[in-house]
Amino acid sequence: MGQLLSAKQNSAVRSSRSPGGLRVIAIVELSKGVLIVLAGFGLLSLIHHDVQQLAEEIVGHFHLNPASRYPRIFIDLAGRLSDKRLWLFAGFAFTYSGLRFIEAYGLWRGRRWAEWFAVASGAIYIPIELFELLAGVSWIKVLTFAVNIGIVSYVGFSLWQSQRNNLSLPA
């Protein structure tokens with residue numbers, strides 16, 4: 001009886017989908033987490049430095065006109081960054097990357113809670129990505145949107161299929 005209950009609880013926790021697809025998604029989420037951690041450390045490395053001067057050097061290195069629109073926005077934003085804001089942004093980056101790492105772990109281990117988390121966290125970005133596509137189409141926007149739709153659809157279908165299978169099982 002105890003083994004039957006344990007097996008039933010385990011089936012509710014683990015995904016019914018093959019782990020291959022979920023592991024690919026876990027690697028994507030892990031990669032996002034690593035990139036954001038690196039960005040967070042990059043922000044921390046700017047503390048006690050003249051960020052506006054660094055932005056001007058970057059614009060000059062790429063031979064951009066500092067008076068044109070986007071380089072000017074970049075330089076102005078860099079000029080408004082204080083050490084306090086850098087700490088705040090780095091804290092957000094580390095928190096966000098922690099969520100990505102937790103999601104990647106859960107997906108790698110085939111946990112159903114991680115699938116729900118992946119669907120919810122991916123679906124949040126779909127309206128934003130659609131808005132960006134409506135503002136202007138680029139290959140990076142289309143690729144980002146397609147990957148996100150693919151992940152949300154795959155994991156959502158996995159959850160739907162496992163729910164359907166659980167309902168069809170005799171009690």
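Because the structure is a prediction, the values reported are computed rather than measured.

> Before we go on, may I ask you to explain the packing of aromatic side chains in this structure?
Any aromatic ring pair is given by two values, namely how distant the centres are and how the planes are angled relative to each other. All told, the structure shown has two aromatic pairs when counted by the stated rule. Over the ring of W108 we find R23, and its NZ or CZ is 4.3 Å from the ring centre.

> Mind showing me how you'd approach the packing of helix α3 (residues 51–61) against helix α4 (residues 69–79) here?
When two helices pack together, their arrangement is captured by the angle between the axes and the distance separating the axes. Contact geometry for α3 and α4: axes closest at 7 Å, N-to-C directions at 160°. Relative to α4, α3 is oriented roughly antiparallel. When the axes of α3 and α4 are compared, the crossing they make is right-handed. Note on element contacts: α4 touches α3 through P71, R72, F74, I75, A78 and G79, opposite V51, Q52, A55, E56, I58 and V59. Residues of the contact of α3 with α4, tallied by class, amount to eight nonpolar, two polar and two charged.

> Looking at this structure, how should I read a nonpolar patch on the surface?
Nonpolar side chains collect at one region of the surface, where L30, V34, L35, L38 and F101 lie side by side and expose about 450 Å² of accessible area between them. In terms of residue count, helix α2 (residues 19–45) provides more of the nonpolar patch than any other element does, four residues in total. Within the secondary structure layout, L30 lies in helix α2.

> I tried to follow α3 on my own but got confused; where do I start?
Residues spaced three or four apart along an α-helix point in a common direction, a consequence of the helix completing one turn every 3.6 residues. Within the sequence span of α3, burial applies to V51, A55 and V59. For α3, the arc enclosing every buried residue in end-on projection is 80°, short of the 170-degree limit, so these residues lie on one face. The inward-facing, buried residues of α3 contact α4 and α5 (83–108). Where α3 starts, the residue carrying a side-chain oxygen 3.4 Å from the main-chain nitrogen of Q52 turns out to be D50. One or two positions beyond α3, positive phi appears at H63, with a value near 55°.

> What exactly am I supposed to notice about unusual backbone geometry here?
The phi angle of most residues is negative, glycine excepted, and most peptide bonds adopt the trans form. The residue H48 is not glycine, and still its phi comes out positive at about 70°. Take H48: it is sitting in the loop between α2 and α3. We note that H63 has phi near 55°; this positive angle belongs to a residue other than glycine. Tracing the backbone shows H63 in the loop between α3 and α4.

> Looking at this structure, how should I read the nonpolar core?
Soluble globular proteins tend to bury their nonpolar side chains together. Of all hydrophobic cores here, the largest spans 15 residues; its most connected members are I25, L107, V119 and V155. Sorting the residues of this core by element identifies α2, α5, α6 (112–135) and α7 (139–168) as the ones contributing at least two each. If near-sequence neighbours (up to four positions away) are discounted, L107 is found in contact with L22, I25, A26, E29, A114, E115 and A118. The next biggest cluster of nonpolar side chains, apart from the first, holds eight residues, and it includes L46, I47, V59 and A78.

> Would you mind showing me how to read the side chain of R100 here?
With respect to the helices and strands, the residue R100 is situated in helix α5. Within polar-contact distance, the side chain of R100 engages the side chain of E29 at 2.7 Å. Among the polar contacts made by the side chain of R100, one reaches the side chain of E103 at a distance of 2.5 Å. Excluding residues that lie within four positions of it along the chain, R100 makes contacts with E29, K32, G33, F117 and S121.

Thresholds, definitions, all that
- Residues numbered from 1 in each chain as written.
- Predicted model: local features only at pLDDT ≥ 70, side-chain atom pairs only at ≥ 80, totals over all residues.
- Heavy atoms only, no water.
- Phe/Tyr/Trp six-rings, centres within 6.5 Å; stacked < 30°, edge-to-face > 60°.
- Lys NZ or Arg CZ within 6 Å of the ring centre and 35° of its normal.
- Axes fitted to C-alpha atoms, helices over the stretch in contact; angles between N-to-C directions.
- Helix = DSSP H or I, 4+ residues; strand = E, 2+ residues; numbered from the N terminus.
- Parallel < 35°, antiparallel > 145°, perpendicular 65-115°, else oblique.
- Left-handed = near helix turned anticlockwise from the far one by under 90°.
- Contact = heavy atoms within 4.5 Å.
- Nonpolar A, V, L, I, M, F, W, Y, C, P; charged D, E, K, R; others polar.
- Patch = residues over 30% accessible without salt bridge, like charges linked within 9 Å, V, L, I, M, F, W, Y side chains within 5 Å.
- Areas by Shrake-Rupley, 256 points an atom, 1.4 Å probe, with all protein chains shown as cover.
- Salt bridge = Lys/Arg side-chain N within 4 Å of Asp/Glu carboxyl O.
- Buried < 20%, exposed > 50% of the residue type's maximum accessible area, 1.4 Å probe, protein only.
- Arc of directions from axis to C-beta.
- Polar contact = N/O pair within 3.5 Å; in protein donor to acceptor, adjacent residues only side chain to side chain.
- Core = buried A, V, L, I, M, F, W, Y, C linked by side-chain atoms within 4.5 Å.

Geometry only, nothing functional implied.
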